[in-house]
Amino acid sequence: MVTSLPLPGGASIPAIGFGVYKVDDDAAETAVGLALDAGYRHVDTAEMYGNETGVGKAIRASRLDRDDVFVTTKVWNDHQGRDATLRAFDASLSRLGLEAVDLYLIHWPAAANDRYVETWRTLLELRASDRARNVGVSNFQIPHLQRLIDETGEVPAVNQVERHPWLPQDELIAFHRAHGIVTEAWSPLGRGRLIDDPVLTGIADAHGVNVAQLLVRWNVQQGVVVLPKSGTPSRIRSNLDVDGFTLTADELTAIASLESGQRTGSHPDSVS
């Protein structure tokens, strides 16, 4: 199985990361510690999550070499714009207790505010300083991405978007592949709503795995970085254990039949 994907600057990103959305600081410290012990080497946080301090504590407590843990954080919407983004980035580094992050993202385009191109130029400055080793975006749609490319000539390394069988984002992923952008999937389990789907449970049962493992494998097998989340030690471990099976073409077709366009999170056009 692919364990990492290449990024444009020559670095690589682990194909399975650990997400900490809606986890408070103390719980994040515990969960990230468990995840690192289980073998995760990719942690995804954000300014808005309010848990960068806990994430940083867990990384330091792990005693892993800094270069062995891929750390992502994100600038929130009300800190877009050059000066505000620079301040937000410095604050994130301080909370994390790190000298650099491996990936810094614009959390949402917040297009109504029309600051995402200026913010993207600022992320490029941070990349040039080596304090953000790679830069990208989150929740951007094709018109947002195309505008960044047209106005700056620079392509985001990553676009992190909601992705699960109800919302496979095929058109967006095709655009990503055409431009060398890595796709990351948040909410890979549809915020838990897909766990009991009969199509998925049937395929999972056939492979002797659970639906969470199935959907992690579904993403990784298609070259998508995936960010499962759990606070339960056994599930943290099992979400990483997806090497022992491969989905067939018929199984991929059956999963594709679940597409409905249904989101479990906000539509990018509604977030400001």
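The structure under discussion appears in the preceding block.
Residue indices follow the written sequence of each chain, beginning from 1 at its first position. Residues qualify for local features only when their pLDDT is at least 70, as the model is predicted, and side-chain atom pairs are given and counted only at 80 or more; totals for whole chains, interfaces and linings, by contrast, use all residues. Each side-chain value is worked out from all heavy atoms of the structure, with water and hydrogens disregarded.

What about the pairing of strand 8 (residues 158–162)?
- Between buried and exposed lies partly exposed: a residue is buried under 20% and exposed over 50% of the maximum accessible area for its type, with that area taken using a 1.4 Å probe on protein chains only. For the purposes of this entry, the term helix denotes a DSSP run of H or I that reaches at least four residues, the term strand denotes a run of E that reaches at least two, and both are numbered from the N terminus. Taken across its five residues, strand 8 has five buried, putting it largely inside the fold.
- Paired strands, as defined in this entry, are two strands with at least two bridges between them according to DSSP. As paired strands, strand 7 (residues 135–138) and strand 8 are joined by two bridges and run parallel to one another. Pairing of Val 137 across the sheet is with Asn 159, part of strand 8.
- As for the winding sense of the linkage, the β-α-β connection from strand 7 through helix 5 (residues 142–152) to strand 8 is right-handed.
- By convention a crossover is right-handed if, when the strands point away from the viewer, the path from the first strand over the helix to the second runs clockwise. Viewed along the sheet, the connection from strand 8 through helix 6 (residues 170–179) into strand 9 (residues 182–186) turns out right-handed.

A word on the pairing of strand 7
- Neither face of strand 7 is exposed, since Val 135 and Val 137 on one face and Gly 136 and Ser 138 on the opposite face are all buried.
- As judged from the three bridges shared by strand 6 (residues 103–106) and strand 7, these two strands associate in the parallel manner. In the sheet register, Ile 106 faces strand 7, and the bridge partner there is Val 137.
- For the segment spanning strand 6, helix 4 (residues 116–128) and strand 7, crossover handedness is right-handed.

Observations regarding helix 4
- In this scheme, a helix's expected span is set at 1.5 Å multiplied by one less than its residue total. The end-to-end C-alpha separation of helix 4 is 18 Å, in line with the 18 Å expected for 13 residues at 1.5 Å each.
- Within helix 4, burial applies to Tyr 116, Val 117, Thr 119, Trp 120, Thr 122, Leu 123, Leu 124 and Leu 126.
- Between two residues, a contact is recorded if the distance between any of their heavy atoms is within 4.5 Å. For helix 4, the secondary structure elements touched by its buried residues are strand 5 (70–75), helix 3 (82–96), strand 6, strand 7 and helix 5.
- Note on helix 4: the residue one or two positions beyond its end, Asp 130, has a positive phi of about 70°.

Considering the side chain of Gln 169
- The residue Gln 169 is located in the loop between strand 8 and helix 6 in this model.
- Assessed through its relative accessible area of 15%, Gln 169 is described here as buried.
- When near neighbours in sequence (up to four residues on either side) are disregarded, Gln 169 contacts Val 161, Glu 162 and Arg 263.

A closer look at the environment of Phe 18
- Within the element layout of this structure, Phe 18 appears in strand 3 (residues 18–19).
- Its relative accessible area of 2% is what places Phe 18 among the buried residues.
- Note: C-alpha distance between Phe 18 and Val 43 (25 residues apart in sequence) is 4.8 Å.
- Among residues more than four places away in sequence, those in contact with Phe 18 are Ala 31, Val 32, Ala 35, Tyr 40, His 42, Val 43, Asp 44, Leu 227, Pro 228, Ser 230 and Ile 236.

Brief notes about the nonpolar core
- The set of buried Ala, Val, Leu, Ile, Met, Phe, Trp, Tyr and Cys residues whose side-chain atoms join them within 4.5 Å is what this entry labels a nonpolar core. Among the nonpolar cores identified, the biggest contains 66 residues, and Phe 18, Val 32, Val 55, Tyr 104, Trp 120, Leu 200 and Leu 214 are the most heavily contacted of them.
- It is helix 8 (residues 211–221) that provides the largest number of residues to this core, a total of seven residues.
- Here Val 55 is in contact with Val 20, Ala 28, Val 32, Val 43, Thr 45 and Leu 96, once residues within four sequence places are set aside.
- If you look at the next biggest cluster of nonpolar residues, it comprises 10 residues, including Leu 7, Phe 70, Leu 103 and Leu 105.

Topic: the sheet that holds strand 9
- Ordered by their spatial adjacency, eight strands build an open sheet running 3-4-5-6-7-8-9-10, and the pairing between neighbours is parallel. Only two strands of the sheet have a single neighbouring strand rather than two, namely strand 3 and strand 10 (225–226).
- Examined bridge by bridge, strand 5 and strand 6 share four bridges and lie parallel to one another. Residue pairing for strand 6: Lys 74 is matched across the bridge by Leu 105.

With respect to a positive patch on the surface
- Patch definition: residues with relative accessible area over 30% and no salt bridge; like charges joined within 9 Å; nonpolar side chains (Val, Leu, Ile, Met, Phe, Trp, Tyr) joined within 5 Å. Only the protein chains shown count as cover for residues, with accessible areas throughout obtained via the Shrake-Rupley method and a probe of 1.4 Å. A carboxyl oxygen of Asp or Glu within 4 Å of a side-chain nitrogen of Lys or Arg is what we treat as a salt bridge. In this tally, Lys and Arg are treated as positive and Asp and Glu as negative; His is ignored, and so are the chain termini. The location of each charge is read from NZ of Lys, CZ of Arg, CG of Asp or CD of Glu. A surface patch of like charges, here positive, comprises Lys 22, Arg 191, Arg 193 and Lys 229.
- Within the secondary structure, Arg 193 is located in the loop between strand 9 and helix 7 (198–207).

Considerations on the packing of aromatic side chains
- Pairing of aromatic side chains here covers Phe, Tyr and the six-membered ring of Trp, requires ring centres within 6.5 Å, and sorts the geometry by plane angle: under 30 degrees stacked, over 60 edge-to-face, intermediate tilted. A full pass over the atoms with the stated rule returns four aromatic pairs.
- Both rings, one in Tyr 21 and one in Tyr 49, keep their centres 5.3 Å apart while their planes meet at 55°; by these two values the pair is tilted. With Tyr 21 in the loop between strand 3 and helix 1 (25–38) and Tyr 49 in the loop between strand 4 (42–44) and helix 2 (52–62), this pair connects stretches of sequence that are 28 residues apart.
- Its relative accessible area of 29% is what places Tyr 21 among the partly exposed residues.
- On the basis of relative accessibility, which here comes to 15%, the residue Tyr 49 falls in the buried class.
- A cation over a ring is seen here: Arg 163 above Trp 218, with NZ or CZ 4.1 Å from the ring centre.
- Above the plane of the ring of Phe 245 lies Arg 217, whose end atom (NZ or CZ) is 6.0 Å from the centre. Put simply, a charge is over a ring when the Lys NZ or the Arg CZ is close to the ring centre, within 6 Å, and near the line of the ring normal, within 35 degrees.

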